[in-house]
Amino acid sequence: MTEHQRPANGLTELVLTDDVRDELLDRLLSLPDPVSDVDDAMARTHQIFATLPLPTLRAILDFGRHIDTPGVMLVSNLPTEPELPPTPSDGGPCVGKSRFVAEGVLLGLSGLLGEPVAFVTEKEGRVVHDIIPTAPGAATQTSQGSKVFLNFHNDIVHDPSGRYDISNPDFLVLNCLRADPVNEAETWYSDARDVLSVLNPGTVKVLRSPLFRLSAPGGYVRMFAGGKEVYSKPVAILSGPDHAPEISVAANGVRCLTPEATDAFDQLQAACRAPEAASVVQLAPGQALLVNNRKGLHARTQFSARYDGQDRWLQRTYIRRSLWNIRGRAENGSRRVHA
Ligand SMILES: [Fe+2]
């Protein structure tokens, strides 16, 4: 296998040595709270993560810049918070954190893929998202859920153009601060290239047709639509060449416009779970998952949540390769927060 080929249904894992981990930790311990000056934090963490061993650094950079690289990659043996506070039971953010090792890991990895970006409709416009189960959100198809399987989807954003798959993040990074109490949460990723190999040509043809309307994310619906469902204009689920397809499915629901579309969509969801397509990981502290938000779909199994300070806690960024082509959405001249 050449360095740019990806293993079919494989989860590429980069494991740092203990020496590299300890050196990163040493330098991240003095990182100031990144919220006050994200660009400063990006510069500091970029300098730190640029010292990664060359093969590791190159693998992460290649993950971000090339078409033929995997859609998902696990980085393990990363530094962890020396004193991790209890998981906020209100969904975060965590107030009064004195060190920012976790945020530094998240932003350092993010900076190798592109620019972190925030949306006012997602986690109140914060750049660092705390992904924590909450009691009110337990049964929802959102990042606060725990009691239900979070269906295969990619992260989309509402756009007045009616296309929700244009201004959305190119990548997500998920850094695990704390696993769930009984270690049952699984994150799944299915690469559209593998999904295509599972589906029959007739189904692919339907999925490539504009027969689907994506439901706008819950954050937008709550903030701007009074809780009423809002749908994209009719779009195809799959687009682009067979060797590098893009795929888009809303977590909040997809309206299929014909019986054939409904059947194809059901087959797509089944194909995402097929062993030939699905990569599965149980994230643990010290592990971060790099997710291409265009090459594939992700999902999460149900898991236990007790709201006692020991629940699952991930931090997440949304990343664009460039902020230029979403400049029209920038809030009041903000550099990173967008409508
Ligand atoms: Fe998601």
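Residues numbered from 1 in each chain as written. Predicted model: local features only at pLDDT ≥ 70, side-chain atom pairs only at ≥ 80, totals over all residues. Heavy atoms only, no water.

Caption draft 1: Focus on the overall build of the protein chain. Across its full length, the protein chain carries eight helices and 16 strands. Taken over the C-alpha trace, the protein chain has a radius of gyration of 19 Å; the compact-globule value for 339 residues is 20 Å, and the two agree within 12%. C-alpha extents for the protein chain along the principal axes are approximately 55 × 50 × 45 Å. Burial statistics for the protein chain: of 339 residues in total, 55% are counted as buried. Partitioning the contacts of the protein chain with sequence separation of at least 6, the portion at a separation of at least 24 is 80%. When the accessible surface of the protein chain is summed, it comes to about 14,600 Å², and 51% of that surface belongs to carbon and sulfur atoms. (Helix = DSSP H or I, 4+ residues; strand = E, 2+ residues; numbered from the N terminus. Rg over C-alpha atoms; globule rule 2.2 N^0.38 Å. Buried < 20%, exposed > 50% of the residue type's maximum accessible area, 1.4 Å probe, protein only. Contact = heavy atoms within 4.5 Å. Areas by Shrake-Rupley, 256 points an atom, 1.4 Å probe, with all protein chains shown as cover.)

Caption draft 2: The arrangement of the packing of aromatic side chains in detail. Inspection of the entire model under this criterion finds seven aromatic pairs. Taking 6.2 Å as the distance between ring centres and 55° as the angle between the ring planes, the aromatic pair formed by Phe149 and Phe152 counts as tilted. An identical accessibility class is assigned to Phe149 and Phe152; each is buried. Taking the centre distance of 6.3 Å and the plane angle of 80° together, the rings of Phe149 and Trp188 count as edge-to-face. You can see Phe149 sitting in the loop between strand E4 (129–131) and strand E5 (150–153) and its partner Trp188 sitting in strand E7 (residues 187–191), a full 39 residues away along the chain. Judged by relative accessible area, which is 17%, Phe149 ranks as buried. (Phe/Tyr/Trp six-rings, centres within 6.5 Å; stacked < 30°, edge-to-face > 60°.)

Caption draft 3: Examining the layout of surface pockets more closely. Taken as a whole, the largest pocket spans an internal volume of roughly 900 Å³. Lining the largest pocket are 43 residues, and of these Glu122, Lys123, Thr142, Ser143 and Arg316 sit closest to its centre. Taken together, the elements giving at least two residues each to the lining of the largest pocket come down to E5, strand E6 (171–178), helix H7 (218–224), strand E14 (296–300) and strand E15 (313–320). Ranked by residues supplied to the lining of the largest pocket, first place goes to H7 with four residues. Tallied by class, residues from the lining of the largest pocket come to 15 nonpolar, 18 polar and 10 charged. Roughly 440 Å³ of volume is contained in the second largest pocket. Residue lining of the second largest pocket: 20 residues in total, with Pro34, Val35, Val38, Val127 and Val128 positioned closest to the centre. Of the residues contributing to the lining of the second largest pocket, the split by class is nine nonpolar, two polar and nine charged. (1 Å grid on protein atoms, 1.4 Å probe; cavity = no way out; pocket = protein on both sides within 12 Å on 5 of 7 lines; lining within 4 Å. Points joined across faces, edges and corners; volume = space filled by probe spheres on them. Nonpolar A, V, L, I, M, F, W, Y, C, P; charged D, E, K, R; others polar.)

Caption draft 4: Region of the structure containing the confidence of the model for the protein chain. Averaged over all residues, the pLDDT of the protein chain equals 95, while 97% of them reach at least 70. A low-confidence stretch, residues 1–5 stays under pLDDT 50, and its non-local contacts, those more than four residues away or across chains, total eight contacts. (pLDDT = per-residue confidence, 0-100.)

Caption draft 5: Fine view of the pattern of salt bridges. Taken as a whole and judged by the stated rule, the model has 19 salt bridges. Between Arg21 and Asp22 there is a salt bridge, with its nearest N and O atoms 3.0 Å apart. We classify Arg21 as partly exposed; its relative accessible area is 23%. Among the salt bridges present, the one from Arg126 reaches Glu124, with a minimum N-O distance of 2.7 Å. Taking relative accessible area as the criterion, Glu124 reaches 67% and is therefore assigned exposed. (Salt bridge = Lys/Arg side-chain N within 4 Å of Asp/Glu carboxyl O.)

Caption draft 6: Summary view of the pairing of E15. Burial analysis of E15 places eight of its eight residues in the buried class, which makes it a mostly covered element. Burial of the side chains of E15 extends over both faces: Trp313, Gln315, Thr317 and Ile319 are buried on one face and Leu314, Arg316, Tyr318 and Arg320 on the other. In the sheet, strand E3 (residues 115–119) pairs with E15 via three bridges, with the strands oriented antiparallel. Residue pairing for E15: Val117 is matched across the bridge by Tyr318. (Pairing = 2+ DSSP bridges.)

Caption draft 7: Fine view of the side chain of Thr121. Structurally, Thr121 is set in the loop between E3 and E4. Given the relative accessible area of 19%, Thr121 is considered buried. Beyond its immediate chain neighbours, meaning those up to four positions away, Thr121 contacts Gly219, Tyr220, Met223 and Phe224.

Caption draft 8: Highlighting the sheet that holds strand E12 (residues 278–281). Ordered by their spatial adjacency, four strands build an open sheet running E5-E14-E7-E12, and the pairing between neighbours is antiparallel. Edge positions in the sheet fall to E5 and E12, since each has one partner strand and no second. Going from strand to strand, the sheet's axes swing by 15° on average, the running direction of each strand aside. Where E7 and E12 come together, four bridges link them in antiparallel fashion. Note that in E12 the partner of Ser190 across the bridge is Ala278. Strands E5, E7, E12 and E14 of the sheet are contacted by helix H8 (residues 259–273), whose axis makes an angle of about 100° with E5. (Axes fitted to C-alpha atoms, helices over the stretch in contact; angles between N-to-C directions.)

Caption draft 9: Representation of the environment of Pro275 in the model. Within the secondary structure layout, Pro275 lies in the loop between H8 and E12. Linking Pro275 and Asp194, residues 81 residues apart in sequence, is a C-alpha distance of 9.8 Å.

Caption draft 10: Up close: the nonpolar core. In terms of nonpolar packing, the biggest core is built from 36 residues, with Leu207, Phe212, Leu214, Ile237, Val254 and Leu268 touching the most fellow members. Of all the secondary-structure elements, those providing two or more residues to this core are helix H5 (192–198), helix H6 (201–207), strand E8 (212–214), H7, H8 and E14. Of the residues forming this core, the biggest block, six residues, is contributed by H8. Core analysis: the second largest hydrophobic core is formed by 33 residues, Leu52, Val101, Val128 and Ala288 among them. (Core = buried A, V, L, I, M, F, W, Y, C linked by side-chain atoms within 4.5 Å.)

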